[in-house]
Every structure is written in structure tokens, then in C-alpha cells.
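Secondary and tertiary structure notes
The residues making up each chain are set out below.
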Amino acid sequence: MIDLLALCAFNAAYAHTIDSDALEQWPDYFTEDCHYRITHVENEREGLAAGIVYADSRAMLQDRIAALREANIYERQRYRHLLGIPLLEQASTDGAEARTPFIVARIMATGQTEVFATGVYQDRFVQQDGQLKLQSRVAVCDSTVTDTLLALPL
């Protein structure tokens, strides 16, 4: 059975991977046929599937990281995630659904730090080869205004 402690540990490792700039490891948190999307609360409420960021496979996530490292030009920045305790909505031996609130601070190369995003992860987890993986993560941001510097995954 997937439990709350396992979800907390997973989310802590996930956030650490992004916050420590180990982005090449980030896609490993997802299944091969995953769904990852960043959207905002109004789009989600209206049932609009398009997102600010959209991927429907681990390969797309890997491509996103490769583009960040090799092709995209953006102001260097890093994140610091603060995560709430997941609300476990459904759990079984092979899967779970949960919602986890988040706050992401963005730290620019100048040292300027600001709250960048707040919202909730809407997740579907599966057990795969003895490891917890995300089958789906939708980051629903509270604000409908999206900063054009959304480069790193949330």
C-alpha cells in the first residue's frame, strides 16, 4: 500500500532534484507514458487541457531538460520548493492519487528572491519495479498570470 510517508519522501526527493539543479534526473520520477502539465486554476476549473507546459511522455521531459541545457537562452535562476503534506485521496497496493500544496521561490543570479508560484500538485502515482513513479502530475498554479521566465519544471 502506498502511504502518506512514502508520498512525502517522494515529493521531498523530487523537489531536491529540481532545487539542486540535478535536472537530468527529474524525468526519472515519471513513468514512460506519463502526463506532466503546468496550468492555472481557472483553466483547470474550466476543464481546459492545454497547459503552460505540457508533456505526455518521459521522452518529452528529457527533451525539455536537454533544451534547457543546450538550446534555450534564459536568465539563470534556481528554485526552492516548500511543500505541504499530501492529501491522500485514494491509495491501493499499486497506485495512489494525492494533492500536495506547493510554494516555489525563485532565486535569480543577482540574489533577488521572490515567490514565483503557489498552487497544488494533482498527482497519480504507481508502483513500478518496486519504486514509486508519477503517472501524472498536474501543477495547478493559483495565479492566472504566468511569468515568461518559467523555464525550470515546478
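Anything mentioned here points back to the structure above.
Below is a summary of the structure that appears in this document. None of these values were measured; they are calculated from a predicted model.

Topic: helix 3 (residues 58-70)
For helix 3, spanning 13 residues, the distance from its first C-alpha to its last is 18 Å, which sits close to the expected 18 Å at 1.5 Å a residue. R58, L61, I65 and L68 are the residues of helix 3 that are buried. The buried residues of helix 3 occupy an angular sector of 80° when projected down its axis, which confines them to one face. Turned more than 90 degrees away from the buried face of helix 3, the exposed residues are D63 and E70. Elements that come into contact with the buried residues of helix 3 comprise strand 1 (30-40), strand 2 (53-55), strand 6 (113-128) and strand 7 (131-141).

Focus on the pairing of strand 5 (residues 95-108)
Where burial is concerned, most of strand 5 is hidden: 10 out of the 14 residues are buried. One ladder, built from seven bridges, connects strand 3 (residues 77-83) with strand 5; its direction is antiparallel. Looking at the pairing, L83 lines up with F102 of strand 5. Across four bridges, the pairing between strand 4 (residues 87-91) and strand 5 is antiparallel. Bridging across to strand 5, Q90 finds its partner in E97. Linkage of strand 4 to strand 5, two consecutive antiparallel strands, is achieved through a turn of three residues. Strand direction decides the pairing type here: strand 5 and strand 6, joined by 13 bridges, are antiparallel. When the bridges of strand 6 are listed, G95 appears paired with V126. Hairpin geometry of strand 5 and strand 6 is characterised by an intervening segment of four residues between the two adjacent antiparallel strands and by a positive phi of about 100° at G111.

Quick notes on the rules
- Residues numbered from 1 in each chain as written.
- Predicted model: local features only at pLDDT ≥ 70, side-chain atom pairs only at ≥ 80, totals over all residues.
- Heavy atoms only, no water.
- Helix = DSSP H or I, 4+ residues; strand = E, 2+ residues; numbered from the N terminus.
- Expected span 1.5 Å × (residues − 1).
- Buried < 20%, exposed > 50% of the residue type's maximum accessible area, 1.4 Å probe, protein only.
- Arc of directions from axis to C-beta.
- Contact = heavy atoms within 4.5 Å.
- Pairing = 2+ DSSP bridges.

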